[in-house]
Amino acid sequence: ETYQDYAFYISTSSFEGKVYNTDDSLSTVKGMLTIHGVSNEITADGIFDLLDNTIKLSSSFMIKLEDYNVQIPKIVMYKIAEEILVDINMILIKT
């Protein structure tokens, strides 16, 4: 049995970067993703929708757990992938 739909909720993460190649709602972001105090540069494509006072952002990209010193418990080592898909969906509201 594998855990294809296993979800990680990481509370100590951040991203700082810039948006490039804006074409309608499709854009590319490049910056530093930090998880558990470990930073790596990433580049990802995303969708940016501007609606009145809000911006809706969504993106998906792959990361290797070892790049962020995330240890897979030995009991499930062969059931969780070493590279995982990160899905980001957020709404920014201007106040």
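Our subject is the structure listed above.
Residues numbered from 1 in each chain as written. Predicted model: local features only at pLDDT ≥ 70, side-chain atom pairs only at ≥ 80, totals over all residues. Heavy atoms only, no water.

1. Structural notes on the sheet that holds strand β1 (residues 13-23)
Condition: Strand pairing is assigned whenever DSSP identifies at least 2 bridges connecting the two strands. Numbered from the N terminus, helices here are DSSP runs of H or I no shorter than four residues, and strands are runs of E no shorter than two. In this analysis an axis means a line fitted to C-alpha atoms, helices contributing only their contacting stretch, and an angle means the value between N-to-C directions, from 0 to 180 degrees.
Reading across the sheet, the five strands line up as β1-β2-β3-β4-β5 and stay open at both edges, with antiparallel pairing between neighbours. At either margin of the open sheet sits one strand with a lone partner, and together these are β1 and β5 (83-93). Between one strand and the next, the sheet's axes are offset by a mean angle of 25 degrees, whatever the strand orientation.

2. Some details on unusual backbone geometry
What counts here: Type-normalised accessible area, obtained with a 1.4 Å probe on protein chains alone, sets the label of each residue: buried when under 20%, exposed when over 50%, and partly exposed for intermediate values.
With a phi close to 50 degrees, Asp-52 is a non-glycine residue in the positive phi region. Note that Asp-52 resides in the loop between β3 (38-51) and β4 (54-64). Notably, Asn-69 is not glycine yet its phi reads approximately 55 degrees, a positive angle. Its relative accessible area of 54% is what places Asn-69 among the exposed residues.

3. A short note on the nonpolar core
Heads up, the condition is: Residues belong to a common nonpolar core when they are buried Ala, Val, Leu, Ile, Met, Phe, Trp, Tyr or Cys residues joined through side-chain atoms within 4.5 Å. By the convention used here, residues are in contact when the closest approach between their heavy atoms is within 4.5 Å.
Counting residues in hydrophobic clusters, the biggest one holds 15 residues, and the most contacted among them are Leu-33, Ile-35, Ile-42, Phe-61, Ile-63, Tyr-68 and Ile-72. For this core, the secondary structure elements donating two or more residues are β2 (26-35), β3, β4 and β5. The contacts of Ile-42, once residues within four sequence positions are left out, are Phe-15, Val-29, Lys-30, Gly-31, Leu-33, Phe-61 and Tyr-68.

4. Side note on the environment of Glu-66
Following the sequence through the fold, Glu-66 ends up in the loop between β4 and β5. On a C-alpha basis, the gap between Glu-66 and Glu-82 in space is 7.3 Å, while along the polypeptide they are 16 residues apart.

5. Things to note about the pairing of β2
For β2, the tally of buried residues reaches seven of ten residues, placing the bulk of the element in the interior. Two successive antiparallel strands, β1 and β2, enclose a turn made up of two residues, where Asp-24 displays a positive phi of approximately 55 degrees. Once β2 ends, the chain turns through two residues before running back antiparallel as β3, passing His-36 with a positive phi of about 55 degrees.

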